Amino acid sequence: MSLTEKQKTFSHDDDNVVVIIGSGAGGGTLANELAQQGIDTVVLEAGALHTTADFLADEWASFNQLAWLDPRTTSGSFRLARDFSGLPAWIVKAVGGTTIHWAGASLRLQPHEFKARTTYGDIKGANLLDWPISYDDLEAYYANAEDRMGVTRTNGIGGLPGNNNFKVMHAGAQKLGYNCNTGHMAINSAPRKGRLSCQQRGFCFQGCRFGAKWSTLYTDLPEGIATGHMELRAESHVARIEHDKKGRVNAVVYFDSDGKEQRQKARVVAVAGNSIETPRLLLNSASSMFPDGLANRSGQVGRNYMRHMTGSVYATFEKPVHMYRGTTMAGIIRDEAHNDPSRGFVAGYEMETLSLGLPFMAAFLNPGAWGREFTHSMDQYAHMAGMWLVGEDMPRESNRITLNPDIKDAHGMPVANVHYDDHDNDLAMREHAFGRGEAIYNAVGALETIRTPPYPSTHNLGSCRMSARAEDGVCNSVGQSHDIPNLFISDGSQFTTSAAENPTLTIVALAVRQAENLGRMLKQGTV
Amino acid sequence: MSLSRRAFLRNSRNVLVGTLAFSNGAIALLAPSRAWSLPLNHLSEAEGDTLLKVTRYIFPHATLEDAVYALVVKDLDSAAADNTVNNLLSTGVRTLNDRSGGNWRNLGTEEQFRLVEAMAGSPFFEKIRSTAVVSLYNNELAFAHFGYQGSAGDGGYLYAGFNDLDWLPEPPLKDSGVIPT
């Protein structure tokens, strides 16, 4: 039976519903949490509904099935603008959003990372700010998120067994005195809450066919629908948000699966379209009252877009590794995640195993490359181990999402342009991380090591950041926009700074916290 | 009677043929026979053969069968259904031949490479490179050659070698986890 077959439905004229745009980690979690409180909720998801049975063990075919491929443009000095000028992000357009594609790493942000400006100081060319919440404010919600997602090494859940790629990282880490284990993963190491355990397929990025990896597709969305207070509308591509004469949002205009324009009235609108689409939607909703877009009196909508400092190190060995077997992110080293400016940069980074299948290794190893050096690396594919480096990047006002008026999507709306320049701190951190990654593999006899540039980003953050003062950001500490009381930001766009950790756990924790606060406000009639 | 170039090619049933070079390679085990052939719908046999050889210079894998490179030609041939692509490819091949003073395929390998290298970055070269970087590595024959198991992993490697690496110390259980039974 289809997920939406027997769901409660709401009228387009029902102005008592909360409309949530996006069904991923932020939107899907928020929807379920509101529905559990008996609050009627309509979720508009641009992508189609796929089931776990639809997922493909084929990288390119899966990419075409799941990825957000609507046009986008890029600018700035980051290498991605050259390598993949039309594909700044590798995120999902489907029910469940990027929780279908994510690798599952679920790390809490470190307390000091909520106080980035205070901790790192005034970094030139960066627009650092402390979050309006602390680690302590979020701690209980982290605990909630870890339990609902089934994060390993929390709540008595055992770690995942390590695969071959993990063994190489672990052995290298031992030589260098690093701690390394199979991490905190939202992937079942044993069956839990109706979901199976991991079968080590190695296609985490292509959607987990066994449902072992947490995704809103088969957790929060069906749970929310089961309450009778939530309707999920797939293939509903939102074009703009409308408001009344008082400046309160009151409706969402979207294109349905037939390309027909629809208008859903709303009591509250929560935007969770990922850090590129969320600001794009606010900007595309400009009106005579809000000529610069919704919630943009500060001029901060779209600014401070972050994508994490990333890079990969692959290494080849005399003997086979077969890194593609088993969980994609199979091991984590956190010993460089702290802040130690003596390394030549502020903030820190994580080292996490990563593997790509042969097709994507060819695509991402060194985009644009050809000739013997490239093919020599590819020849050693079966003997390769790999890791991803992911660290805090500096927020910059000029790194931003804007509308590109020259290019329109299928519905005639201007597409997003993603502008990003690496900050010197990002470059210094990447150089350090590359060096440590190479050292890990060299310690266990690597024949060669390869530095791989950033992939199209899955970690898109900031662009509608939360701030204590209205002039510094777009929303407050619960994601409520500073300008419009019944408009909320509910995804990673809220992040004030990027921190070093994979963001999904924090997005879920923030969504649970927002649902609690929004529920209270609705009950008290203050929103 | 006038016959368009494309109609002529379609009628002439151009075919690229070859024989597997390595009788005991991973690909030979998969292939139903040692001989292979690729029908061309839009490119001539000479163009197809030239493009195959050019691809070998762009992504040189000494022991990778021509039969796998032919899959790149197959995709280029499909793309050549579009006139712009067809012109780009045939003009590129003609340029190589002109610069060779006749037939690029008759040159020695060093000369052939030098002329391909000189075209790096051109739309012709980029069309081949960007097609090949997908086509060459996204097929079962390449998977067998390079040692990737592709969709064989769909059922999971939990009991099929996900942790069979034995040339490094076994990580302690506290850093790893229990294999479910």
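Placed above this text is the structure.
For the structure given in this document, a descriptive report is provided here. Counting of residues starts from 1 at the beginning of each chain's written sequence and follows it residue by residue. Chain A is the first chain written and ligand 1 is the first ligand written, with later ones labelled in order. Local features in a predicted model are, by the rule used here, given only for residues with pLDDT of at least 70; side-chain atom pairs are given and counted only at 80 or more, and totals for whole chains, interfaces and linings are based on all residues. Only heavy atoms go into the side-chain values, all of them from the structure, while hydrogens and water stay out.

1. Comments concerning the overall build of chain B
- Secondary structure counts use DSSP, requiring at least four H or I residues in a row for a helix and at least two E residues in a row for a strand, with both numbered from the N terminus. A count of helices and strands for chain B gives eight helices and two strands.
- In sequence order, the secondary structure elements of chain B are arranged as α-β-α-β-α-α-α-α-α-α.
- In summary, chain B has a C-alpha radius of gyration of 21 Å against a globular reference of 16 Å for 181 residues, an excess of more than 25%.
- On the principal axes, the C-alpha backbone points of chain B span a range of 75 × 35 × 30 Å.
- The contact definition used throughout considers only heavy atoms, calling two residues in contact when any of these lie within 4.5 Å. Long-range pairs, those at least 24 residues apart, make up 64% of the contacts in chain B between residues at least 6 apart in sequence.
- For accessible areas, the Shrake-Rupley method is used with a probe of radius 1.4 Å. Any residue's cover is judged against the shown protein chains and nothing else. Accessible surface, chain B as shown: approximately 9,100 Å² in total, 53% of it carbon and sulfur.
- We count Lys and Arg on the positive side and Asp and Glu on the negative side, and we leave His and both chain ends out. Charge placement uses NZ in Lys and CZ in Arg. For Asp and Glu, CG and CD serve respectively. Looking at charge distribution, chain B has the averaged site of its 15 positive side-chain charges lying 10 Å from that of its 19 negative ones. We compute the radius of gyration over the C-alpha atoms and compare it with the globule rule, which gives 2.2 Å times the number of residues raised to the power 0.38.

2. Focus: the layout of surface pockets
- Quantified by volume, the largest pocket comes out at close to 350 Å³.
- If you go around the largest pocket, you meet 16 residues; those closest to its centre are W60, D83, F84 and A363 of chain A together with V133 of chain B.
- Put simply, the parts of the chain that give the lining of the largest pocket at least two residues each are helix 2 (59-66), helix 3 (80-83) and helix 9 (358-364) of chain A together with helix 7 (123-135) of chain B.
- For the lining of the largest pocket, the element with the highest residue contribution is helix 7 of chain B, accounting for four residues.
- Taken together, the residues of the lining of the largest pocket break down into ten nonpolar, three polar and three charged. Site definitions follow a grid-based scheme: protein atoms alone, a 1 Å grid, a 1.4 Å probe that fits but cannot get out for cavities, and for pockets an open set with protein on both sides within 12 Å along at least five of seven lines, plus lining residues having an atom within 4 Å of a point. Grid points are joined across faces, edges and corners, and a volume is the space filled by probe spheres set on the points. Think of it as three bins: nonpolar holds Ala, Val, Leu, Ile, Met, Phe, Trp, Tyr, Cys and Pro, charged holds Asp, Glu, Lys and Arg, and polar takes everything else, Gly as well.

3. A few points about the packing of helix 1 (residues 25-36) of chain A against helix 12 (residues 504-524) of chain A
All names here are of chain A.
- Two elements in contact, helix 1 and helix 12, have axes separated by 8 Å at closest approach and are oriented at 35°. Considering the relative orientation of helix 1 and helix 12, their crossing is right-handed. Counted together, A25, G26, T29, L30, E33 and L34 of helix 1 and T504, I507, V508, A511, V512, Q514, A515, L518 and G519 of helix 12 form the full contact between these two elements.
- A breakdown of the residues in the contact of helix 1 with helix 12 according to their chemical character gives nine nonpolar, five polar and one charged. Inter-axis angles, ranging from 0 to 180 degrees, are taken between N-to-C directions of lines fitted to C-alpha atoms, where helices are fitted over the stretch in contact. Working rule for handedness: look at the near helix, and if it is turned counterclockwise from the far one by less than a right angle, call the crossing left-handed; if clockwise, right-handed.

4. Observations concerning the sheet that holds strand 13 (residues 400-408) of chain A
Residue and element names in this part refer to chain A.
- Here the rule is simple: two strands pair whenever DSSP picks up at least two bridges between them. Taken in spatial order, the three strands make up an open sheet running 3-14-13, and their pairing is mixed. At either end of the open sheet lies a strand with only one pairing partner, and these are strand 3 (73-75) and strand 13. Sheet twist, expressed as the mean angle between neighbouring strand axes with direction ignored, is 35°.
- The sheet contact formed by strand 3 and strand 14 (residues 414-419) spans three bridges and is parallel. By the bridge assignment, T74 is partnered in strand 14 with V418.

5. Focus on the interface of chain A and chain B
- Counting residues at the interface gives 53 residues for chain A, matched by 47 residues for chain B.
- Put simply, buried area is how much 1.4 Å-probe accessible surface two parts lose in total, over both of them, once they are put together. Across the chain A to chain B interface the summed buried area is about 4,000 Å²; carbon plus sulfur atoms make up 61%.
- Each reported salt bridge corresponds to a side-chain nitrogen of Lys or Arg within 4 Å of a carboxyl oxygen of Asp or Glu. For the interface between chain A and chain B, the tally reads four salt bridges.
- Across the pair D164 of chain B and R325 of chain A runs a salt bridge whose closest N-O atoms are separated by 2.9 Å.
- In protein, a polar contact means a hydrogen-donor-capable atom and an acceptor-capable atom, both N or O and within 3.5 Å, with residues adjacent in sequence counting only if both atoms are side-chain atoms; elsewhere, any N or O pair within 3.5 Å suffices. Across the contact surface, chain A and chain B share 28 residue pairs in polar contact (both at pLDDT 80 or more).
- Contributing elements (two or more residues each) for the side of chain A that touches chain B: helix 2, helix 6 (164-176), helix 9 and helix 10 (372-379) of chain A.
- With seven residues, the single largest contributor to the side of chain A that touches chain B is helix 6 of chain A.
- Residue composition of the side of chain A that touches chain B, grouped by class: 25 nonpolar, 18 polar and ten charged.

6. Some remarks on the environment of L217 of chain A
Residue and element names in this part refer to chain A.
- Mapped onto the secondary structure, L217 falls in the loop between helix 6 and helix 7 (220-226).
- The sequence separation of L217 and Y135 amounts to 82 residues, and the corresponding C-alpha distance is 28 Å.
- The contacts of L217, once residues within four sequence positions are left out, are L3, L49, H50, F55, V95, G96, T99, I100 and P222.

7. Things to note about unusual backbone geometry
All names here are of chain A.
- Even without being a glycine, N155 presents a positive backbone phi close to 50°.
- Here N155 lies in the loop between helix 5 (135-149) and helix 6.
- Backbone geometry places Q200, a non-glycine residue, at a positive phi of 60°.
- Along the chain, Q200 falls in the loop between helix 6 and helix 7.
- The class of Q200 is buried, set by a relative accessible area of 0%. Between buried and exposed lies partly exposed: a residue is buried under 20% and exposed over 50% of the maximum accessible area for its type, with that area taken using a 1.4 Å probe on protein chains only.

8. Comments concerning the pattern of salt bridges
- Tallied over the entire structure, the rule returns 34 salt bridges over all chains.
- A salt bridge links E170 of chain B to K167 of chain A; the nearest nitrogen and oxygen atoms lie 3.1 Å apart. With one member in each of two chains, E170 of chain B in the segment after helix 8 (140-146) and K167 of chain A in helix 6 form a pair that bridges those chains.
- Residue E170 of chain B is classed as exposed on the basis of its relative accessible area of 54%.
- A salt bridge links E516 of chain A to R520 of chain A, with the shortest nitrogen-to-oxygen separation between them at 3.8 Å. Within this pair, E516 of chain A and its partner R520 of chain A are both found in helix 12, separated by four residues, close to a single helical turn.

9. Details of the packing of aromatic side chains
All names here are of chain B.
- Any two rings among Phe, Tyr and Trp, with Trp reduced to its six-membered ring, count as a pair given centres within 6.5 Å; such a pair is stacked if its planes are under 30 degrees apart, edge-to-face if over 60, and tilted if neither. In total, this model carries 33 aromatic pairs over all chains according to the counting rule given.
- Between F59 and Y137, the aromatic rings sit 6.0 Å apart at their centres with planes inclined by 80°, giving edge-to-face as the arrangement. Of the two residues, F59 sits in the loop between helix 3 (45-58) and helix 4 (66-79) while Y137 sits in the loop between helix 7 and helix 8, which places them 78 residues apart along the sequence.
- What makes F59 buried here is its relative accessible area of 0%.
- Residue classification places Y137 among the buried residues on the basis of a relative accessible area of 0%.

10. Some details on the sheet that holds strand 10 (residues 332-333) of chain A
Residues and elements named next belong to chain A.
- The strand order across the open sheet built from five strands is 10-11-12-9-15, with neighbouring strands paired in antiparallel fashion. Every interior strand has two partners, whereas the edge strands, strand 10 and strand 15 (448-452), have only one.
- In terms of strand pairing, strand 10 meets strand 11 (residues 349-353) through two bridges, oriented antiparallel. Each residue of the ladder has a partner; that of I332, found in strand 11, is E352.

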